[in-house]
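Now for the letters of each chain:
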Amino acid sequence: MLTLALPKGRLAEETAVLLLSKGWLKTLPSEGSKELTFVSEDKRLRLLFVRSQDVCTYVEEAAADAGIVGWDILREGGFDLIAPVDLKLGACRLSLASFPDFDLFAKRSKVRVATKYPNLTREYFFSKGISCEIIKLYGSIELAPIVGLSDCIVDLVSTGGTLKANGLKEFESILYSTARLVCNRSSFYHKHTELRSLIESLEN
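Residue indices begin from 1 for each chain and proceed along its sequence in written order. Selection of residues for local features in this predicted model requires a pLDDT of at least 70, selection of side-chain atom pairs for listing and counting requires 80 or more, and totals for whole chains, interfaces and linings are taken over all residues. Excluded from the side-chain calculations are hydrogens and water; all other atoms, namely the structure's heavy atoms, are used.

- An unreviewed UniProt entry lists the protein chain under the name ATP phosphoribosyltransferase, with Leptospira mtsangambouensis as the source organism.
- Looking at the protein chain in UniProt, the text filed under Subunit (unreviewed entry) is "Heteromultimer composed of HisG and HisZ subunits."
- Taken directly from UniProt, the Pathway (unreviewed entry) text for the protein chain runs: "Amino-acid biosynthesis; L-histidine biosynthesis; L-histidine from 5-phospho-alpha-D-ribose 1-diphosphate: step 1/9." UniProt positions are given in the numbering used here, feature names are shortened, and annotations may be inferred rather than shown by experiment.

### Concerning the pattern of salt bridges
At step 1: What counts as a salt bridge is simple: a side-chain nitrogen of Lys or Arg found within 4 Å of a carboxyl oxygen of Asp or Glu. Applying the stated criterion to the full structure yields ten salt bridges.
At step 2: Between Asp 80 and Arg 185 there is a salt bridge, with its nearest N and O atoms 2.7 Å apart. In this pair, Asp 80 is assigned in the loop between α3 (71-77) and β5 (82-86) and Arg 185 in helix α7 (residues 185-190), connecting sequence segments 105 residues apart.
At step 3: Across the pair Lys 88 and Asp 86 runs a salt bridge, and its minimum N-O distance is 3.9 Å.
At step 4: Take Asp 86: its relative accessible area is 27%, and that puts it in the partly exposed class. A run of DSSP states H or I qualifies as a helix once it reaches four residues; a run of E qualifies as a strand once it reaches two. Both are numbered from the N-terminal end. Each residue's exposure class comes from its accessible area (1.4 Å probe, protein chains only) as a fraction of the maximum for that residue type: buried when under 20%, exposed when over 50%, partly exposed otherwise.

Spelled out as structure tokens, the structure:
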């Protein structure tokens with residue numbers, strides 16, 4: 001049996017539908033269920049429902065053989081995982097945003113940046129030769145420049161509607177992200193046949 005970690009929410013639902021269409025599931029998990037695990041009827045697959053930020057940890061620590069996670073999270077954490085398949089689900093981008101009059105190169109001192117992605121943000125600013133002060137937040141990132149907590153933000157953008165509603169402008173896309181299948185390296189060796197079957201079905 002393969003154990004697959006899924007991020008709770010819409011991506012888990014989209015992945016479950018995909019697995020159903022590929023024959024890995026016969027029925028979908030009950031909508032609104034509080035259960036954290038789900039086993040397919042043929043016992044080939046067990047699903048774990050975890051926070052998106054925890055998927056890679058479950059897989060890296062071998063609590064799951066594989067998982068579905070956004071490229072943004074995988075890159076931010078620098079996890080030692082195999083990522084063989086781009087599922088093309090959950091497309092979004094990690095972007096720099098602020099008020100329309102923001103000038104990235106105007107400040108002589110450090111630029112203050114609010115983000116959930118300190119590593120990718122620091123990498124981006126250093127590539128521009130700009131010093132930055134990272135303010136790590138976990139939610140409502142758009143609020144930070146509005147109340148003067150930061151000069152700008154680096155956050156995920158899908159439609160840009162939230163930015164526009166709060167008077168902010170997207171300046172540059174730093175990273176494009178879609179959902180990826182990631183595999184534990186040991187499982188990839190010891191359960192190669194099962195994982196290869198899963199990989200091939202998701203690639204087609």
